[in-house]
Amino acid sequence: YAKEIGRNTIQIYSSSVHSNERGRYLLSELRQAASREQFTLRYQPKVTATTSEVNKVEALIRWNHPSLGSISPGEFIPLAEKNGLIVSITEWVMRTAIHQMKVWEESGIPIDRVSINVSAIHFQYGNVYKMVHDLVGEYNMAPSKVELEITETSVMKNIDEAVNTLDHLRKLGIRIALDDFGTGLSSLNYLQRLPIDTLKIDKSFVDDLVHDQKQQSIVSTIISLAQHLGMEVTVEGVEHADQADLLHSYSCDYIQGYYYFKPLLPEEVEKACLLHRKI
Ligand code: C2E
Ligand code: CA
Ligand code: CA
Ligand code: CA
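Keep in mind the model is a prediction, meaning the values are calculated, not measured.

Asker: How would you explain the overall build of the protein chain if you had to name every residue and give the values?
Answerer: A count of helical and extended segments in the protein chain gives 11 helices and 11 strands. For 279 residues, the compact-globule estimate of 2.2 N^0.38 gives 19 Å, and the protein chain sits close to it at 19 Å. Overall size of the protein chain, expressed as C-alpha extent along the three principal axes, is 50 × 45 × 45 Å. Long-range contacts, defined as pairs at least 24 residues apart, comprise 66% of the intrachain contacts of the protein chain with a sequence gap of at least 6. Per element, the accessible surface of the protein chain, about 13900 Å² overall, is 51% carbon and sulfur. One way to put it: in the protein chain the 28 positive side-chain charges average out to a point 3 Å from where the 36 negative ones average out.

Asker: So what's going on with the site of ligand 1? Which residues, and what values?
Answerer: In the vicinity of ligand 1 there are 20 residues, among which Gln-44, Arg-62, Asn-117, Glu-239 and Tyr-258 approach most closely. Gln-44 places a side-chain nitrogen or oxygen 3.1 Å from a nitrogen atom of ligand 1. One of the side-chain nitrogen or oxygen atoms of Glu-239 is found 2.5 Å away from a nitrogen atom of ligand 1. In isolation ligand 1 has 800 Å² of accessible area, and contact with the protein removes 79% of it. Residue assignment for the shell around ligand 1 shows that the elements contributing at least two residues are β4 (54-65), α2 (73-82) and β8 (175-181). In terms of residue count, β4 provides more of the shell around ligand 1 than any other element does, 4 residues in total. Broken down by class, the residue content of the shell around ligand 1 amounts to 8 nonpolar, 5 polar and 7 charged.

Asker: Provide a residue-level description of the nonpolar core, including the pertinent values.
Answerer: Counting residues in each nonpolar core, the largest one holds 82 residues, and the members touching the most others are Leu-148 and Leu-247. Of the residues forming this core, the biggest block, 8 residues, is contributed by helix α3 (residues 86-106). Beyond its immediate sequence surroundings of up to four residues, Leu-148 is in contact with Met-94, Ile-116, Val-118, Val-128, Leu-169, Ile-174, Arg-175, Ile-176 and Ala-177.

Asker: Quick one: what's the story with unusual backbone geometry, residue by residue and with numbers?
Answerer: With phi around 55°, Asp-180 is a residue other than glycine that occupies positive phi space. By the secondary structure assignment, Asp-180 is in strand β8. The exposure class of Asp-180 is partly exposed, given its relative accessible area of 26%. A positive phi angle is found at Ser-251, which is not glycine, with a value near 55°. Its location among the elements puts Ser-251 in the loop between α10 (241-249) and β11 (254-255).

Rules and cut-offs
- Residues numbered from 1 in each chain as written.
- Chains lettered and ligands numbered in written order.
- Predicted model: local features only at pLDDT ≥ 70, side-chain atom pairs only at ≥ 80, totals over all residues.
- Heavy atoms only, no water.
- Helix = DSSP H or I, 4+ residues; strand = E, 2+ residues; numbered from the N terminus.
- Rg over C-alpha atoms; globule rule 2.2 N^0.38 Å.
- Contact = heavy atoms within 4.5 Å.
- Areas by Shrake-Rupley, 256 points an atom, 1.4 Å probe, with all protein chains shown as cover.
- Lys, Arg positive; Asp, Glu negative; His and termini not counted.
- Charge placed at Lys NZ, Arg CZ, Asp CG, Glu CD.
- Near = heavy atom within 4 Å.
- Polar contact = N/O pair within 3.5 Å; in protein donor to acceptor, adjacent residues only side chain to side chain.
- Nonpolar A, V, L, I, M, F, W, Y, C, P; charged D, E, K, R; others polar.
- Core = buried A, V, L, I, M, F, W, Y, C linked by side-chain atoms within 4.5 Å.
- Buried < 20%, exposed > 50% of the residue type's maximum accessible area, 1.4 Å probe, protein only.

Given below as structure tokens:
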């Protein structure tokens, strides 16, 4: 099969042997990617629906390999999860994102929240609390400016333990978002038990929104339900104006997607933030 691995690169696999070979090579390269400074972060804005302000971003990792080019996190994050590398990658992401927030704070750029993705496997087996606690301490960062995006799978295995960890994080002041909402085995029962601040409605609910009235009922109902439970709602994967219009009419809190912004470089975030600032 053919697989797109970078902007200009198509890799053809004749058999799974080749893909295993690529996997082994990627893994050995991935172990050294951080020390070779091959990772960078992009920041995708979450646009405030009511005011169009840009002051919240999600950090998304990028791996640029000297010979393979850019490798998507959809490919290397699962590899890192299987091989225990995810903990050090998350630490690199958290440190870099929190450091960037400090730089923005010190130069008067009013970005007031960064969201960081935390893999289910790391959330379940690693010490996420200690990692984020130590980093906000080291950078003297207000914990309320840091949000962790976790998925339903992070909490399904052992919900009592997950609730415990989430409570602990929120006592510290860290915010929690439930990512990819609607794609897992979530039941509404979980929604009322989980101590979370933000619900992120997955792109798959947005794709057919404009032409599918049932989807419209589902999305508008989830938004109002989550808000009644005291959560903020972000909708992700918004690519078209008519989708954004509908979501505005449902009073969702934040909209994220290519229609507004792709994942940006820090200097592009600064421009967007200052340009869309309310004074
Ligand atoms: P995610 O957390 O659900 O992130 C959303 C993905 O959708 C990102 O892809 C983003 O660039 C993309 N996206 C945003 N708006 C649109 C849109 O309007 N249309 C389309 N088609 N796509 C959009 P990306 O950056 O390739 O990341 C893919 C996944 O890899 C993420 O999904 C997340 O699960 C994982 N990931 C990315 N960065 C990190 C990280 O730092 N740590 C961890 N653990 N996982 C990460
Ligand atoms: Ca995310
Ligand atoms: Ca997501
Ligand atoms: Ca996703």
